[in-house]
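Chain and residue survey
What follows is each chain in one-letter form.
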Amino acid sequence: MKSPSEELQSGFIGHSARILQIRAQLEKLATRRSPVLIQGESGTGKEVAARTLFNAYPRGHFVPVDCASLVGTMMESELFGHVRGAFTGAVDAKKGLLEHANGGTAFFDEIGELPLELQAKLLRVLQEHELRPLGSLQRIRVD
């Protein structure tokens, strides 16, 4: 098993000044349990950076969420889950991706593709550390 320092070094190939700077930033962030915003053009390694952070000190699951692939009315259910009977066809309760990532890392790729109302609900989860599954009156604590 690799040490956290070795894990931080393994995600990126190269020794340029920019790669060394990114590695140093990831090393500082890896020990913290706080949300991280990783920005960059498509194909620049945002998910590699997120996985590198997760792998340095793995906790829970790493759950990648491709926001561009979430479609229509099921977006909220996919992210927050739902209770039985929340809508037609909800014959069983289902955990959402955020609850599945609880205690670990949720990586949101293309978050700007989500409707603004869902972005606002995600912000609330980050601020309050709780979510409410679709159709439920109960809130669930998440980290």
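Relevant structure appears above.
Residues numbered from 1 in each chain as written. Predicted model: local features only at pLDDT ≥ 70, side-chain atom pairs only at ≥ 80, totals over all residues. Heavy atoms only, no water.

1. A look at the packing of helix 2 (residues 17–30) against helix 3 (residues 46–56)
Following both chains from N to C, one finds helix 2 and helix 3 inclined at 45°, their axes separated by 9 Å at the closest point. By the angle class used here, helix 2 and helix 3 are oblique. In the packing of helix 2 onto helix 3, the handedness of the crossing is right-handed. Note on element contacts: helix 3 touches helix 2 through Ala 49, Thr 52, Leu 53 and Ala 56, opposite Leu 26, Leu 29 and Ala 30. (Axes fitted to C-alpha atoms, helices over the stretch in contact; angles between N-to-C directions. Helix = DSSP H or I, 4+ residues; strand = E, 2+ residues; numbered from the N terminus. Parallel < 35°, antiparallel > 145°, perpendicular 65-115°, else oblique. Left-handed = near helix turned anticlockwise from the far one by under 90°. Contact = heavy atoms within 4.5 Å.)

2. Structural notes on the side chain of His 82
Turning to its location among the elements, His 82 is positioned in the loop between helix 4 (75–80) and helix 5 (97–100). By relative accessible area, His 82 is classed as buried at 8%. Among the polar contacts listed, one links the side chain of His 82 to the side chain of Ser 77, at a separation of 2.6 Å. A polar side-chain atom of His 82 sits 3.2 Å from the main-chain carbonyl oxygen of Asp 92. Aside from chain neighbours lying at most four places away, what touches His 82 is Ser 77, Phe 87, Ala 90, Asp 92, Ala 93, Lys 94, Pro 133 and Leu 134. (Buried < 20%, exposed > 50% of the residue type's maximum accessible area, 1.4 Å probe, protein only. Polar contact = N/O pair within 3.5 Å; in protein donor to acceptor, adjacent residues only side chain to side chain.)

3. Looking at the pattern of salt bridges
Throughout the structure, instances matching the rule amount to five salt bridges. Linking Glu 47 and Arg 51 is a salt bridge whose minimum nitrogen-to-oxygen distance equals 3.1 Å. Placement of both Glu 47 and Arg 51 in helix 3 is noted, with a separation of four residues, approximately one turn of the helix. Given a relative accessible area of 29%, Glu 47 falls into the partly exposed group. Owing to a relative accessible area of 37%, Arg 51 belongs among the partly exposed residues under this scheme. The partner of Glu 130 in a salt bridge is Arg 139, with the nearest N and O atoms 3.6 Å apart. (Salt bridge = Lys/Arg side-chain N within 4 Å of Asp/Glu carboxyl O.)

4. Digging into the environment of Arg 18
Within the fold, Arg 18 resides in helix 2. Using a relative accessible area of 47% as the deciding quantity, one classes Arg 18 as partly exposed. Separated by 34 residues in the primary sequence, Arg 18 and Thr 52 place their C-alpha atoms 16 Å from one another.

5. Let's talk about unusual backbone geometry
Non-glycine residue Glu 110 carries a positive phi angle of around 60°. Within the element layout of this structure, Glu 110 appears in the loop between strand 2 (105–109) and helix 6 (116–128). Glu 110 sits in the partly exposed class, given a relative accessible area of 37%. Positive phi is not limited to glycine here, since His 129 has a value of about 60°. Mapped onto the elements, His 129 comes out in the loop between helix 6 and strand 3 (130–131). With relative accessibility at 35%, the residue His 129 sits in the partly exposed group.

6. Re the nonpolar core
In this structure, Leu 79, Phe 80 and Leu 114 are the most contacted members of the largest nonpolar core, which totals 15 residues. Listing elements by their share of this core, those giving two or more residues are strand 1 (62–66), helix 4 and helix 6. Non-local contacts of Leu 79, meaning those with residues more than four positions away in its chain, are made with Val 65, Leu 70, Gly 96, Leu 97, Leu 98, Phe 108, Leu 114 and Leu 118. If you look at the next biggest cluster of nonpolar residues, it comprises seven residues, including Ile 19, Leu 26, Ala 30 and Ala 49. (Core = buried A, V, L, I, M, F, W, Y, C linked by side-chain atoms within 4.5 Å.)

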